[in-house]
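Here is what each chain is made of, one letter per residue.
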Amino acid sequence: MKVSTTVLVAGASVAAVGLAQLVQRDRQHKQRNDLALSLIPIEWRSRASGDEREAAFWAPEELEADQYRRMLSANQTFCQLSLRFRLGLVTARQLELYADKLMEVAACREYWARFGAYRAAEVLGNKTDEQFTRVVNEAFSRVTMVA
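Remember, predicted model here, so these are calculated numbers, not experimental data. (Residues numbered from 1 in each chain as written. Predicted model: local features only at pLDDT ≥ 70, side-chain atom pairs only at ≥ 80, totals over all residues. Heavy atoms only, no water.)

So, on to the pattern of salt bridges. Scanning the model with the defined rule gives eight salt bridges in all. Glu62 is paired through a salt bridge with Arg114; the nearest N and O atoms lie 1.9 Å apart. Of this pair, Glu62 sits in the loop between helix H2 (52-58) and helix H3 (65-86) while Arg114 sits in helix H5 (residues 106-122); the two residues are 52 residues apart in sequence, bridging distant segments of the chain. For Arg114, a relative accessible area of 34% puts it in the partly exposed group. (Salt bridge = Lys/Arg side-chain N within 4 Å of Asp/Glu carboxyl O. Helix = DSSP H or I, 4+ residues; strand = E, 2+ residues; numbered from the N terminus. Buried < 20%, exposed > 50% of the residue type's maximum accessible area, 1.4 Å probe, protein only.)

It is worth spelling out a nonpolar patch on the surface at this point. Together, Leu19, Leu22 and Val23 line one region of the surface with nonpolar side chains, adding up to about 300 Å² of accessible area. Tracing the sequence through the fold places Val23 in helix H1 (residues 3-50). Judged by its relative accessible area of 53%, Val23 is exposed. (Patch = residues over 30% accessible without salt bridge, like charges linked within 9 Å, V, L, I, M, F, W, Y side chains within 5 Å. Areas by Shrake-Rupley, 256 points an atom, 1.4 Å probe, with all protein chains shown as cover.)

Moving on: the layout of surface pockets. A volume near 650 Å³ is recorded for the largest pocket. Surrounding the largest pocket, 25 residues form its lining, Arg45, Asn75, Cys79, Arg119 and Glu122 being those nearest its centre. Mapped onto the lining of the largest pocket, the elements with two or more residues apiece are H1, H3, H5 and helix H6 (127-146). (1 Å grid on protein atoms, 1.4 Å probe; cavity = no way out; pocket = protein on both sides within 12 Å on 5 of 7 lines; lining within 4 Å. Points joined across faces, edges and corners; volume = space filled by probe spheres on them.)

Counted at 1.5 Å a residue, the expected span for H5 with its 17 residues is 24 Å, and the 23 Å between its end C-alpha atoms agrees. At Phe115, H5 shows its largest bend, some 60°. (Expected span 1.5 Å × (residues − 1). Bend = angle between axes of the 7 residues up to and from the residue.)

Here the focus is the nonpolar core. In this structure, Phe78, Leu95, Met103, Tyr111, Trp112, Phe132 and Val136 are the most contacted members of the largest nonpolar core, which totals 26 residues. Looking at this core, the elements with two or more residues in it are H3, helix H4 (92-102), H5 and H6. Among the elements that take part in this core, H3 stands out by supplying seven residues, more than any other. With sequence-adjacent residues up to four places away left out, Phe78 is seen in contact with Leu102, Met103, Cys108, Tyr111, Trp112, Arg119, Phe132 and Val136. (Core = buried A, V, L, I, M, F, W, Y, C linked by side-chain atoms within 4.5 Å. Contact = heavy atoms within 4.5 Å.)

Inspection of every chain in the model, using the stated rule, returns five aromatic pairs. An aromatic cluster is built from Phe78, Tyr111, Trp112 and Phe115, whose rings are joined through pairwise contacts. (Phe/Tyr/Trp six-rings, centres within 6.5 Å; stacked < 30°, edge-to-face > 60°.)

Their axes nearest at 9 Å, the elements H3 and H5 cross at an angle of 70°. Classified by the interaxial angle, the pair formed by H3 and H5 is roughly perpendicular. When you trace H3 past H5, the crossing you get is right-handed. Of the residues in H5, those in contact with Gln67, Arg70, Met71, Ala74, Asn75, Phe78, Cys79 and Ser82 of H3 are Ala107, Cys108, Glu110, Tyr111, Trp112, Arg114, Phe115 and Arg119. (Axes fitted to C-alpha atoms, helices over the stretch in contact; angles between N-to-C directions. Parallel < 35°, antiparallel > 145°, perpendicular 65-115°, else oblique. Left-handed = near helix turned anticlockwise from the far one by under 90°.)

It is at 11 Å that the axes of H3 and H4 come closest, and there the two elements cross at 175°. Taken together, the axes of H3 and H4 lie roughly antiparallel to each other. Touching Thr77, Phe78, Leu81, Arg84 and Phe85 of H3 are Ala92, Leu95, Tyr98 and Leu102, all from H4.

As structure tokens, then:
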């Protein structure tokens, strides 16, 4: 092999490794931003679901504060699972299992019946979030059709 060919191959290899590192760094940056932005509403839901006055302040008019607190708690659980799924810490199969398990809880079913359509509209265009919502919707349908 000629020296010029060897140098060219080595240069291409170094460039490929550098490009892979840039792609990985960009992915990790997006994940850190997603985590940071997701923690803000998760912390708020935690506070509001534990504080009756806060829940009463934010509750829709047709909901009692205690009922809204239960829904906030369920929503927090869905948001945490969604975050774990977006970060790649939960596989698609695990997501199905967790969604089925969550739908065994009355507060989760109540929340999804009331706000599931809103969540579906909210995630349009984001394939990962659409997949999450589809799986949870399917779990909800399985439970409510059986009942």
